[in-house]
Each structure stands twice: as structure tokens, then as C-alpha cells.
Amino acid sequence: MAELVLGVGASHSTLMNTHWDQVVHTDRAKAFREALSEARQAIADARPDVVVIVGSNHFRGFWLDLIPSFTLGVGEVIAAGESGTPKGPQKTDPVFAQSLATHLVEAGTEVAISARLQIDHGQSHAIQYLLDGIDVPVVPLVVNVFAQPLPTLARCIELGEQLAAVPGDQRVVVIASGGLSHQLPWPSDWTDPDGEDEAFLVEAWLNGRGEWERYDERRREIIVAARPTIFPEFDEAFLDDLTKGDLQRYGVMTTAELEAVAGNGGQELRTWLVMAAALGFVPGRRLAYAPMPEWLTGMGVAVLDPSEGRP
């Protein structure tokens, strides 16, 4: 089997790129950015042959015409480049990616595949801040966290456990991009939008394939104007459970229960559960946490290192 040498969980926000000069809590912002640098160094020290990035997609590569629960990029990977994130083709390992897809399907998780996958900041943010200067191919694993019905949290844990047994001799790092708690100004039910903004977003989600830029300016305005809603107590408890190697307990939660305590953006924590399960829920190290209303999100960074041992 391949060796999973490190897991990293990190929040993302394009507002880091576009609104840094408007940050009020500068000490928190700098601490978060420094933690990303520390995690990047841990990845470099792990000497990976390939990095699996488990992340979401904010309706720039997936649309309501077709959204699988899980999609693996097995060929070309093209970053959308929105809001100052990386743009264009990314370095990939199609042989490893196809082997991983085959393994996951045979193990019982029916992942969709894409031979030309467009990713957005749900994964390219991690490339920008965690893989800068590290010459390593990436394999994106996209989890549907926005267009309900969503895959169950238990199913995400199962996917991570199967990822741990991927065949091969590569050294693999798994990055989870997304979360922590936040509330996006998006319709909770895309079939029944409330008001003009939500109706516009649903239209963009349905019709944006190939021309997401046409909708992006107004969508950006809606997001920037949103009222920050963060749940720091939940975030602290989640990170505490991560340090204890106890994230598997979140597998019993329903989508509605998670949204109630972490907001609709908290559904991105599925990516952290996939990563933690792949690393065998080894106890992790919290590098930073800061509630950042300027970025609408509870921003956290953590590392799971199997070499540091189990309890």
C-alpha cells in the first residue's frame, strides 16, 4: 500500500486575497497565515510523492445539471483562478489518480471521475498557501457540500478509511480544505430560493457551466455583503476532538444537525473527516484558530502526523 505520511486540515477564504487590507483582527489574520506556512513546511518535510486535496467546489466546476457526491480528478486539473487564486493547469499524476479511483470503487465507494476537472478555491487555496514552492502532483477529491442532498458524514468517514488502503508505494499527503464554521448567504434549499439574491444564485448554479465569470461579480457582491455568522464554541470543540483523535464521533450527525451548530458552510467539515479517517484518526496538532468575521469564517489549521504516535 501507499504510505499516508501526513494529514493537514486548513480553512480557506478568498477574502484573504482580496480584502487583506480591510482586516480588523490583524493579529488573528497573521497568526492564521503563519500557521499555513508552518503546515506547508510540515508537508515539505514529509517529502510526498503526491498530494490528495479533499475539498469542495463553489459552483465553478460543478453545476446543478450534475453534482456527484464524490468526484476524483484522474486527468487534467484546471484551476479557475478566481480572486487571486492559482489559475490554469496543475501538475497531476493520472496513473496514481486512476489507480485510486479504481481502488475506491472496488472497495465500495462509487466515486465519479473527471478527466478534465475544473477546481476552484475550495482546493486551489490549498495549492496557493500549502504547496507553494513544493513541486508535487495533486489529485483533487471533490466532496459535494452545498447542493443537498449531501453525502452523509458517516459515508465521508468510510471514504477516508478506504483512501488509507490505496495501492502503490508512493508517499501521500492528504489535505482537507474548508470549514470551520460559517454561514454563507446561499439558499438552504436550492429548489425553493428565498428572495432575489437566492434566486440569482440558483440561476448561476444551474446555468454557469462554461461561463461562471458572467455571474461572478454579483455573486461576489452577495458574499461580501453577508453578515458574519461564526460558531467559535463549536470550532473549539471540533479542534479539541481532532487533537484527541476523536473526530469519528461526528459520523453520527445529520446534515441538519451539523448546519444547526456550524452553519451551512460548516458542511465543508466533511473534508476534514475524510482526511482524519484516512490518517486513522491519529491525534493531531492544532496550529491556529481564529474567528475571522472579516472573512466570514472560523479559520483553523491542524496537522495529523502518524509518526508522532497514537495514544
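The shown structure was predicted, so the numbers you read here are calculated from the model rather than taken from an experiment. (Residues numbered from 1 in each chain as written. Predicted model: local features only at pLDDT ≥ 70, side-chain atom pairs only at ≥ 80, totals over all residues. Heavy atoms only, no water.)

Student: Go over the packing of helix H6 (residues 195–207) against helix H7 (residues 213–224) with me, naming the residues and quoting the values.
Tutor: Running from N to C, H6 and H7 cross one another at 140 degrees; their axes reach a closest spacing of 11 Å. Considering the angle they form, H6 stands oblique to H7. In this structure, H6 meets H7 at a crossing whose hand is left-handed. Along the contact surface, H6 presents Glu196, Asp197, Phe200, Leu201, Glu203, Ala204, Trp205 and Asn207, while H7 presents Tyr215, Arg218, Arg219 and Ile222. When its residues are assigned to classes, the contact of H6 with H7 shows six nonpolar, one polar and five charged. (Axes fitted to C-alpha atoms, helices over the stretch in contact; angles between N-to-C directions. Helix = DSSP H or I, 4+ residues; strand = E, 2+ residues; numbered from the N terminus. Parallel < 35°, antiparallel > 145°, perpendicular 65-115°, else oblique. Left-handed = near helix turned anticlockwise from the far one by under 90°. Contact = heavy atoms within 4.5 Å. Nonpolar A, V, L, I, M, F, W, Y, C, P; charged D, E, K, R; others polar.)

Student: So, the pattern of salt bridges: which residues are in play, and what are the values?
Tutor: Pairs can form between side chains of opposite charge whenever their charged atoms are close. In total, this model carries 19 salt bridges according to the counting rule given. A salt bridge links Arg214 to Glu211, with the nearest nitrogen and oxygen atoms 3.2 Å apart. With a relative accessible area of 54%, Arg214 lands in the exposed category. The partner of Arg286 in a salt bridge is Glu236, and the shortest N-O contact between them spans 2.6 Å. Of the two residues, Arg286 sits in strand S8 (residues 285–292) while Glu236 sits in helix H8 (residues 232–243), which places them 50 residues apart along the sequence. (Salt bridge = Lys/Arg side-chain N within 4 Å of Asp/Glu carboxyl O. Buried < 20%, exposed > 50% of the residue type's maximum accessible area, 1.4 Å probe, protein only.)

Student: Describe the pairing of strand S2 (residues 50–55), and please don't skip the residues or the numbers.
Tutor: Burial within S2 is extensive, with six of its six residues counted as buried. By the alternation rule, side chains of S2 split into Val50, Val52 and Val54 and Val51, Ile53 and Gly55, which are all buried. As paired elements, S2 and strand S7 (residues 171–177) share five bridges and run parallel to each other. Each residue of the ladder has a partner; that of Val54, found in S7, is Ala176. (Pairing = 2+ DSSP bridges.)

Student: Kindly report on the environment of Ala2, identifying the contributing residues and their values.
Tutor: Of note, Ala2 is situated in the segment before strand S1 (3–10). Using a relative accessible area of 7% as the deciding quantity, one classes Ala2 as buried. Excluding residues that lie within four positions of it along the chain, Ala2 makes contacts with Val166, Pro167, Gly168, Asp169, Gln170 and Val172.

Student: I'd like a rundown of unusual backbone geometry, residues and numbers included.
Tutor: Cis peptide bonds are those with omega within 30 degrees of zero, and the linkage from Gln148 to Pro149 qualifies with 10 degrees. With respect to the helices and strands, Pro149 occurs in the loop between strand S6 (138–143) and helix H5 (153–163). The omega torsion across Gly179 and Leu180 is 5 degrees, close enough to zero to call that bond cis. Residue position: Leu180 is located in the loop between S7 and H6. Of note in this structure, Ser83 is not a glycine but carries a positive phi near 55 degrees. Take Ser83: it is sitting in the loop between strand S3 (70–80) and strand S4 (87–89). Given the relative accessible area of 19%, Ser83 is considered buried. With a phi angle near 70 degrees, Leu296 is a residue other than glycine that sits in the positive phi range. Secondary-structure assignment places Leu296 in the loop between S8 and strand S9 (297–304).

Student: So what about the environment of Arg214? Which residues, and what values?
Tutor: As for its position among the elements, Arg214 is in helix H7. C-alpha of Arg214 to C-alpha of Trp63: the two residues are 151 residues apart in sequence and 14 Å apart in space. A distance of 2.8 Å separates the side chain of Arg214 from the side chain of Tyr215, its partner in a polar contact. (Polar contact = N/O pair within 3.5 Å; in protein donor to acceptor, adjacent residues only side chain to side chain.)

Student: Break down helix H3 (residues 94–107) for me, with residues and values.
Tutor: Between its first and last C-alpha, H3 extends 20 Å over 14 residues, near the 20 Å set by a 1.5 Å rise per residue. Phe96, Ala97, Leu100, Ala101, His103 and Leu104 are the residues of H3 that are buried. Down the axis of H3, the sector holding all buried residues measures 165 degrees, keeping them to one side. Structural note: H3 exposes Val95 and Glu106 on the side pointing more than 90 degrees away from its buried face. Summarising the contacts, the buried residues of H3 are in contact with S2, S3, strand S5 (112–119), S6, H5 and S7. Looking one or two places after H3, you find Gly108, whose phi comes out positive at around 115 degrees. (Expected span 1.5 Å × (residues − 1). Arc of directions from axis to C-beta.)

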